[in-house]
Every structure is written in structure tokens, then in C-alpha cells.
Amino acid sequence: MKLALIKIIFFYLIFIKNVCANELIGEYSLSSSGFKIGSLSWSLNFSNNTYETKIFLKSSGIFSGLYNFEGEYVSYGDVDNEGFKAKYYRQFWRTKKKTKIVEMFFNKDLIILHQEPEEAEFSRIDFNNLIGYFDPITSFINILSKSTFVNTIDGRRIYSMQTTALPESKSIKVEIQNYKNIWADHNRNDLDEIRFKIEDGEFLPRQIDVYFKNRLFKVVRR
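Keep in mind that what you see is a predicted model, and the values were worked out from it rather than measured.

Reading the values: the criteria
Residues numbered from 1 in each chain as written. Predicted model: local features only at pLDDT ≥ 70, side-chain atom pairs only at ≥ 80, totals over all residues. Heavy atoms only, no water. Phe/Tyr/Trp six-rings, centres within 6.5 Å; stacked < 30°, edge-to-face > 60°. Helix = DSSP H or I, 4+ residues; strand = E, 2+ residues; numbered from the N terminus. Buried < 20%, exposed > 50% of the residue type's maximum accessible area, 1.4 Å probe, protein only. Core = buried A, V, L, I, M, F, W, Y, C linked by side-chain atoms within 4.5 Å. Contact = heavy atoms within 4.5 Å. pLDDT = per-residue confidence, 0-100. Polar contact = N/O pair within 3.5 Å; in protein donor to acceptor, adjacent residues only side chain to side chain. Pairing = 2+ DSSP bridges. Salt bridge = Lys/Arg side-chain N within 4 Å of Asp/Glu carboxyl O.

J.: Looking at this model, I keep getting lost on the packing of aromatic side chains. Mind explaining?
T.: When we look at a pair of aromatic rings, we describe it by the centre distance and by the angle of the planes. Inspection of the entire model under this criterion finds 8 aromatic pairs. Summarising the aromatic geometry, the rings of Tyr 159 and Tyr 179 are spaced 6.1 Å apart at their centres and angled 15° between planes, so their arrangement reads as stacked. Residue Tyr 159 is found in strand S10 (residues 157-166), and its partner Tyr 179 is found in strand S11 (residues 171-181); the two are separated by 20 residues along the sequence. Judged by relative accessible area, Tyr 159 falls into the buried class, the value being 6%.

Right under this line is the structure:
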């Protein structure tokens, strides 16, 4: 009950700060090894106990020829005292070599997973057991609204996100646990850690540090 009350107050303060606006937008630069490789836009809309969030990213900068990519991630669902509950998720990802589309439908559990192109491999997990799982963006939003543990499915893998608050740096450290590949018979995890840096009075993060394949990718709000 106490946690639910805190979340209600938190959402209320966010709405008041934005003068009852129902949309939050963050524009970010994406860099690695000190060089800009792309840009990212993140929007979050609230309306009548529902939400819709979108992330769009695209390569840019002098290394865009080497890191050529474009992605769009969309999720919407319901909001209640327990947080954000996904109903639909769509991922579009394009590089020079491939284009991948993932769609997922939820109703407390995962009910549909559709991919283009279709997977040739069989699933290594039982989708009927995936109750209380969210898409990656909804998991991020739940973490930003103070959830400390979320289960996630992104179409290719499932994993849990365990958070640790780092008050001295105003950050949330996210560790990846219980990692399992859906379509492969190995559970190699290239995603080591994520850190969200939060400014007081803001909901969307000021900076996101992604530790992937022993490299640091920085997403910094402009």
C-alpha cells in the first residue's frame, strides 16, 4: 500500500510540474569511444490511465557510414497503482545487412509474438510461463518510476532487470539477470549493465550508459 501511494504521488507531481501536460519528450545524442554515432528521441504520452511511448534512433555523424542503423520502438498499455502494463510492442530495426520487425501482444502474459523474417529455429522457452513480463521500453519506464525488479522479453531473449540506487551520482544501476536466449541453445549475454542518470524533478533520464560487448555507449540528453 505504501509503495502504491508513493507512485501515485510521484505521477501527480510529474503531471503538475509539466502543467498537466500529457507528453514528455527527450532528445539525445548517442556516442561511443568519444565519437557521436547517432541521435535518439524518446517520447512518453499519458491519457486516461493509458500510456504510449516511442523511441526513435538513427545513425549520424562522421562514422554514420560505419555505424549505419535506424530503429523505432513503440509500446502502449495501461497505467495503474502497480505501474505500467504493456499491451502492445513493436520494434523496427534496420542496418546495412538486415531489417528486423518484432511485434508482441500482452494480456498479463505474452499472447502473441510475431517476427519478420520468421525465425527458423524453435523456441527454447515456454511462452505460456511468461507471466508478468514487459517489453524493454515498458521495463525502462517501470524502473524510472521506482520499480526495483522487472522481467523483460525483447523478442529474442528474456531476462530480469535488478536495480540498485546510486544516490551519490543520482543514478540507477541496472544489472541483467536470468538471461535466456529464445531461439538459440546458448545463453551468452552481451549486455552487461545499464545506468540511468536522473535529475531531480525529471522523469526521462538525463543520461543513459549502456555497457554492451565490453564497450560503453552513452546516450546524453541535449
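J.: Please clarify how the nonpolar core should be interpreted in this entry.
T.: A general feature of soluble globular proteins is that nonpolar side chains tend to end up buried together. Membership of the largest hydrophobic core comes to 50 residues, with the highest contact counts inside it found for Trp 42, Ile 153, Met 161 and Phe 196. Excluding anything up to four places from it in sequence, Phe 196 contacts Phe 140, Ile 143, Leu 144, Lys 170, Ser 171, Ile 172, Val 174, Pro 205, Gln 207 and Ile 208.

J.: Help me understand the environment of Gly 34, please; the structure alone is not making it clear to me.
T.: On the secondary structure map, Gly 34 appears in the loop between strand S1 (23-32) and strand S2 (35-47). Expressed as a C-alpha distance, the spacing of Gly 34 and Leu 216, which sit 182 residues apart in the sequence, is 9.6 Å.

J.: What's the story with the confidence of the model for the protein chain in this structure? I'm lost.
T.: Do not read the predicted coordinates in detail wherever pLDDT is low. Considering every residue of the protein chain, the mean pLDDT works out to 89; 91% of them sit at 70 or more. Taken together, the stretch residues 1-21 has pLDDT below 50 and engages in 23 contacts with residues farther than four places along the chain or on a different chain.

J.: How do you make sense of the side chain of Asp 154 when you look at a structure like this?
T.: Mapped onto the fold, Asp 154 is located in the loop between strand S9 (149-153) and S10. Judged by relative accessible area, Asp 154 falls into the buried class, the value being 9%. From its side chain, Asp 154 meets the backbone nitrogen of Arg 156 in a polar contact 3.0 Å long. Polar contacts involving the side chain of Asp 154 include one to the side chain of Arg 157, which spans 2.6 Å.

J.: Can you help me understand the pairing of S1 in this one?
T.: Regular strands have side chains that alternate between both faces of the sheet. Side chains of S1 alternate between two faces, with Leu 24, Gly 26, Tyr 28, Leu 30 and Ser 32 buried and Glu 23, Ile 25, Glu 27, Ser 29 and Ser 31 left unburied. As judged from the 10 bridges shared by S1 and S2, these two strands associate in the antiparallel manner. Pairing of Ser 29 across the sheet is with Ser 39, part of S2. Taken together, S1 and the strand that follows it, S2, pair antiparallel across an intervening segment of 2 residues, in which Ser 33 is found at a positive phi of about 55°. Two strands pair when backbone bridges link them, and S1 and strand S14 (residues 215-221) are joined in this way by 5 bridges, in the antiparallel orientation.

J.: Would you mind showing me how to read helix H2 (residues 136-144) here?
T.: Counted residue by residue, H2 has 9 buried out of 9 residues, so it is predominantly covered. Within H2, burial applies to Pro 136, Ile 137, Thr 138, Ser 139, Phe 140, Ile 141, Asn 142, Ile 143 and Leu 144. The N-terminus of H2 is capped by Asp 135, whose side-chain oxygen sits 3.0 Å from the backbone nitrogen of Ile 137. Positive phi shows up at Lys 146, right after H2, with a value of about 85°.

J.: Explanation requested: the pattern of salt bridges in the structure shown.
T.: Per the stated rule, a full pass over the model turns up 14 salt bridges. The closest approach of N and O atoms between Arg 222 and Glu 27, which form a salt bridge, is 3.8 Å. Of this pair, Arg 222 sits in the segment after S14 while Glu 27 sits in strand S1, and the two are 195 residues apart along the sequence. Accessibility expressed as a relative area gives 56% for Arg 222, which makes it exposed. Residue Glu 27 is classed as partly exposed on the basis of its relative accessible area, which comes to 33%. Residues Glu 202 and Arg 221 are paired through a salt bridge, measuring 3.7 Å at the closest nitrogen-oxygen approach. Taken together, the residues Glu 202 in the loop between strand S12 (191-197) and strand S13 (207-212) and Arg 221 in strand S14 connect sequence positions 19 residues apart.

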